[in-house]
Amino acid sequence: MNLASLLETWGDAHVLAAGGALIGLVFGFMAQRSRFCARAAVLECCDSQPGERFSVWWLALGAAFVGTQLLVLTGALQPATSRFIANPGSVSGAVLGGLFFGAGMILTRGCASRLLILSANGNLRALLSGLVFAVTVQATMSGWLAPVRQFFYALWPIDGGPTRDLQTLTGTAPWGGTVVALAALATGIYFFWRQHNGRPWLALGAVATGLCITAGWGFTQAVASQSFEAVAITSLSFSGPSAEWLMRVLSTASVPGFGFDAGLLPATFVGSLVGALVGGDFKFEGFKTENKLGHYLTGAILMGFGAVLAGGCTVGAGMSGGAIFALTAWLTLISIWAGAAMALRVHKAMGWTI
Amino acid sequence: MGMAQWIELYGDRSLLAVGGAGIGLAFGFLAQRSRFCLRAAVIEFWHRRFGEKLSVWLLAFSAAVIGVQLLALTHLLDTATARQIATRGSLSGALAGGLLFGAGMVLTRGCASRLLVLSANGNLRALLSGLIFAVTAQSALSGALSPLRAEISSWWMVDGGPSRDLLARLGLGHEAGLAFGLIWLMAALYFAWRSPQRSLWMWVGGIGTGLTVAAAWGYSQWVARESFDPVQIQGLTFSGPSAEWLMRVLQWPSPPIGFEFGLMPGVFLGSFIGAMVGGDWKLEGFKDGYSMRRYIVGAIFMGFGSMLAGGCAVGAGVTGGAIFALTAWITLLGMWLGAGLTDRWIDGPANAHASTAAAHPTPAVAP
């Protein structure tokens, strides 16, 4: 049975959701096992001691870039049709959103996808922060925070099309992206080899985590080119889907249609849960005596607002958008690192434990 | 200028919102100062320590009953048009919802209104639990949990009208309701007099909190009488408004404003002022992982229970109780039972040596 007949039998929405679920399952499992975490990577990097967590993150990033660029080169993916490049965007939104998100993820001790993965391991801090994150995302998209988002967004808007494509902007298409991707992968392998020579499973986990991004792009593009309806190509992202699920739980009147995102979120949770059970990591955890609920709440709100402003979280903008070399995604990724580094300095200056 | 002109000038919805805010402000302040809390009262009751908390709750409850019945006797309030009496209700929902709510408020250490009051005192546990409460309530109202709520409600329905009115069912008038309220006031005064830690705020706050419930009924009836549009009369409640506020923050276009729109911020502000006056403001978070599990489960129970029962500890327990709605009394009974059982089951072992009275089951008599 091929994809076309599957689409005919089950309909686009269900096939997309099933694909999202399958990819989410793998992502959740691999990310849990490899302890894939952007926040920990920034932390190690800012302490000038790139270690285990940094190398896992960097290797995953490199794998995602190379895989996705290979898809582009073989014609299995047309990134120009994705929302990251085709739609109008905002430079100010990407930069400010990234800064907010980065600062938030330091306070909350994990970015959006990490919160989801930790929730499935019995971490109630992450579960609650995730709820606050989802509520803020929804309020920023179409609630009370929407006017604030629009204000920041309108400071420096840019058109969709080639002006949002980094490769076109720099005149390096079609090989520029591949070269950068290969360089990222090569440095990733170097860091990894230096850090944990002899842990092939960890390397495999990191690479598989990254390749889930590629799989998301490839799968939705395959559906889009086979389907008779308009299907938006996309890849892993956690800010939009968490708001979508929140609204699905809250109100049957305004349930958004099923799609890739609808399958992705619960499957990532299940994948991470399976990973935790396999590895014996499952443990109910709440707030310790340190009493940092205020930090978590502030961080989750900053992340939620930042993610919508920037058009994605560390995975959604940083990896999915970065892998197709969207200008705003790269700005977001850099700003997330900058925001996180600044928040770290503030933390240290205030004497807070990190 | 009379109410009719104000309605003409500003519209009945804005007037309702302003009234809600004003009454909410008074409720928040008085409830904060008197530490009005159904959970604490129930636990005192089951532990046979008839002290300050029970006195405050009884004072508020009896004041609300007396106030509402006086309004009804002077024809300033027509209780038959209240949602809790006029519309079709569910006895199974009231009982199951009350039990769940009671269990939830023991787990979360505070009922819905108490969470709102405590949030304004810097208690971040209460703030987060309140968010979970609102999410669950909204989900039970019209989201993923609503089929379950409808199913439980459908087991045993009761028609609107006299069959939901306890006084009408017993063939009694509002005089009997007033007498009932006075009896409970006596009981409240007795307990309050015996209570070792009585203070002025206990008296003023307790009675004042109850009177704000009566004020809400009277005010919305006043607007309803003078307005040309149909206006639903209502008392204080916190489950519906918190769900409404959640959706207001999340989505555009938001629901139209009304009494509930003003109520929530009013209570928050009132409690905040109370905390400032009394020097109670303090940022507080979670202590450990175990308590977090309790708070989350409790907030979910309360959110679902209050929507099932048609009101929270204040909305059904005091507001609905004061107009003698049948379902509200069943809900209140369920809350006392659910809270008592949960307290024995969850906190019983820990308290067993602290209070030997808890070891003996008490007859299930609830006011």
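Note that the coordinates shown come from a computational prediction; the quantities given were computed from them, not determined experimentally.

Caption draft 1: Structural context of the overall build of chain B. Across its full length, chain B holds 17 helices and 2 strands. Over its C-alpha trace chain B gives a radius of gyration of 19 Å, about what one expects of a compact globule, namely 21 Å for 367 residues. Referenced to the eigenvectors of the C-alpha coordinate spread, the extents of chain B come out at roughly 60 × 50 × 45 Å. Taken across its 367 residues, chain B has 59% of its residues classed as buried. Considering only intrachain contacts with a sequence separation of at least 6, the fraction spanning at least 24 residues in chain B is 81%. Taken as a whole, chain B presents about 14,600 Å² of accessible surface, with 68% of it coming from carbon and sulfur.

Caption draft 2: Examining the overall build of chain A more closely. Scanning chain A from N- to C-terminus turns up 17 helices and 2 strands. On C-alpha atoms alone, chain A measures out to a radius of gyration of 19 Å, which is about the 20 Å that the 2.2 N^0.38 rule sets for 354 residues. In terms of overall dimensions, chain A has a C-alpha envelope of 55 × 50 × 45 Å along the principal axes. Scored against the burial criterion, the 354 residues of chain A give a buried share of 57%. Counted over contacts in chain A with a minimum sequence separation of 6, partners at least 24 positions apart contribute 81%.

Caption draft 3: Spotlight on the nonpolar core. With 106 residues, the main nonpolar core has Phe101(A), Leu236(A) and Phe238(A) as its most contacted residues. Here this core takes 11 residues from helix α4 (residues 52–73) of chain A, the largest share from any one element. When residues no more than four places from it in sequence are discounted, the contact partners of Leu236(A) are Ile23(A), Phe27(A), Cys212(A), Ile213(A), Phe260(A), Leu264(A), Val315(A), Gly316(A) and Ser320(A). Judged by nonpolar contacts, the second largest core, of 81 residues, contains Ala31(B), Leu54(B), Ile66(B) and Phe324(B).

Caption draft 4: Local environment of helix α14 (residues 260–279) of chain A. Residue and element names in this part refer to chain A. With 20 residues, α14 should cover 28 Å at 1.5 Å per step; its first-to-last C-alpha distance of 28 Å lies within 8% of that length. Those residues of α14 that fall on the buried side of the exposure criterion are Phe260, Ala262, Gly263, Leu264, Leu265, Ala267, Thr268, Gly271, Ser272, Gly275 and Ala276. Its buried side turned inward, α14 meets α2 (12–34), α7 (112–119), α12 (200–226) and α13 (239–250).

Caption draft 5: Examining the packing of helix α4 (residues 52–73) of chain B against helix α12 (residues 200–226) of chain B more closely. Residues and elements named next belong to chain B. At a minimum axis separation of 7 Å, α4 and α12 run at an interaxial angle of 35°. Regarding α4 and α12, the two cross each other, and that crossing is right-handed. Between α4, through Glu52, Ser55, Val56, Leu59, Ala60, Ala63, Ala64, Gly67, Val68 and Leu71, and α12, the contact on the second element is made entirely by Met202, Trp203, Gly206, Ile207, Thr209, Gly210, Leu211, Val213, Ala214, Trp217 and Gly218.

Caption draft 6: Examining α4(A) more closely. Taking 1.5 Å of rise per residue, the 22 residues of α4(A) would be expected to cover 32 Å, and the 32 Å separating its terminal C-alpha atoms lies within 8% of that figure. Of all the 22 residues making up α4(A), 17 are buried; the element is thus mostly covered by neighbouring parts of the structure.

Caption draft 7: Expanded view of the packing of aromatic side chains. Within the structure shown, the criterion is met by 38 aromatic pairs over all chains. Summarising the aromatic geometry, the rings of Phe29(B) and Trp201(B) are spaced 5.7 Å apart at their centres and angled 75° between planes, so their arrangement reads as edge-to-face. Of this pair, Phe29(B) sits in helix α2 (residues 12–34) while Trp201(B) sits in helix α12; the two residues are 172 residues apart in sequence, bridging distant segments of the chain. Take Phe29(B): its relative accessible area is 22%, and that puts it in the partly exposed class. When the centroid spacing of 6.3 Å and the interplanar angle of 85° are considered together, the rings of Tyr219(B) and Trp222(B) count as edge-to-face. Placement of both Tyr219(B) and Trp222(B) in helix α12 is noted, with a separation of 3 residues, approximately one turn of the helix. The class for Trp222(B) is partly exposed, based on a relative accessible area of 33%. Every member of this aromatic cluster is reached through a ring pair, and the members are Phe45(B), Trp46(B), Phe50(B), Trp57(B), Phe61(B), Phe180(B), Trp184(B), Tyr190(B), Phe191(B), Phe324(B), Trp329(B) and Trp336(B). Lying over the aromatic face of Phe84(A), Arg83(A) brings its terminal NZ or CZ to 4.3 Å of the ring centre.

Caption draft 8: The arrangement of the packing of helix α1 (residues 3–10) of chain B against α2(B) in detail. Residues and elements named next belong to chain B. Between α1 and α2, the least distance of the axes is 7 Å, while the angle of their chain directions is 110°. In terms of orientation, α1 lies roughly perpendicular with respect to α2. Here Met3, Trp6, Ile7 and Tyr10 of α1 lie close against α2, whose contacting residues are Asp12, Ser14 and Leu15. A per-class count over the contact of α1 with α2 returns 5 nonpolar, 1 polar and 1 charged.

Caption draft 9: Examining a nonpolar patch on the surface more closely. All names here are of chain A. Side chains of Leu25, Val26, Phe269, Val270, Val274 and Val278 sit close together on the surface and give an oily, nonpolar patch of about 450 Å² of accessible area. Listed by contribution, the elements that provide at least two residues to the nonpolar patch are α2 and α14. Take the nonpolar patch: its biggest share by element is 4 residues, from α14.

Caption draft 10: Geometry of the environment of Leu73(B). Residues and elements named next belong to chain B. Mapped onto the elements, Leu73 comes out in helix α4. Assessed through its relative accessible area of 29%, Leu73 is described here as partly exposed. For the pair Leu73 and Gly173, spaced 100 residues apart in sequence, the C-alpha to C-alpha distance is 9.0 Å. Excluding residues that lie within four positions of it along the chain, Leu73 makes contacts with His174, Glu175 and Leu178.

Caption draft 11: Spatial organisation of the interface of chain A and chain B. Tallying the contact residues gives 30 residues for chain A and 29 residues for chain B. Looking only at chain A, the three residues that lose the most surface to chain B are Leu128(A), Trp144(A) and Leu250(A), adding up to 26% of its buried area. Between the two partners, chain A and chain B, sit 0 salt bridges. Remark: the boundary between chain A and chain B carries 9 residue pairs in polar contact (both at pLDDT 80 or more). Within the residue set of the side of chain A that touches chain B, elements represented by two or more residues are α8 (124–142), α13 and α15 (293–310) of chain A. Looking at the side of chain A that touches chain B, the element that brings in the most residues is α8(A), giving 9 residues. When its residues are assigned to classes, the side of chain A that touches chain B shows 16 nonpolar, 10 polar and 4 charged.

Conventions we followed
- Residues numbered from 1 in each chain as written.
- Chains lettered and ligands numbered in written order.
- Predicted model: local features only at pLDDT ≥ 70, side-chain atom pairs only at ≥ 80, totals over all residues.
- Heavy atoms only, no water.
- Helix = DSSP H or I, 4+ residues; strand = E, 2+ residues; numbered from the N terminus.
- Rg over C-alpha atoms; globule rule 2.2 N^0.38 Å.
- Buried < 20%, exposed > 50% of the residue type's maximum accessible area, 1.4 Å probe, protein only.
- Contact = heavy atoms within 4.5 Å.
- Areas by Shrake-Rupley, 256 points an atom, 1.4 Å probe, with all protein chains shown as cover.
- Core = buried A, V, L, I, M, F, W, Y, C linked by side-chain atoms within 4.5 Å.
- Expected span 1.5 Å × (residues − 1).
- Axes fitted to C-alpha atoms, helices over the stretch in contact; angles between N-to-C directions.
- Left-handed = near helix turned anticlockwise from the far one by under 90°.
- Phe/Tyr/Trp six-rings, centres within 6.5 Å; stacked < 30°, edge-to-face > 60°.
- Lys NZ or Arg CZ within 6 Å of the ring centre and 35° of its normal.
- Parallel < 35°, antiparallel > 145°, perpendicular 65-115°, else oblique.
- Nonpolar A, V, L, I, M, F, W, Y, C, P; charged D, E, K, R; others polar.
- Patch = residues over 30% accessible without salt bridge, like charges linked within 9 Å, V, L, I, M, F, W, Y side chains within 5 Å.
- Salt bridge = Lys/Arg side-chain N within 4 Å of Asp/Glu carboxyl O.
- Buried area = accessible area lost by both parts, 1.4 Å probe.
- Polar contact = N/O pair within 3.5 Å; in protein donor to acceptor, adjacent residues only side chain to side chain.

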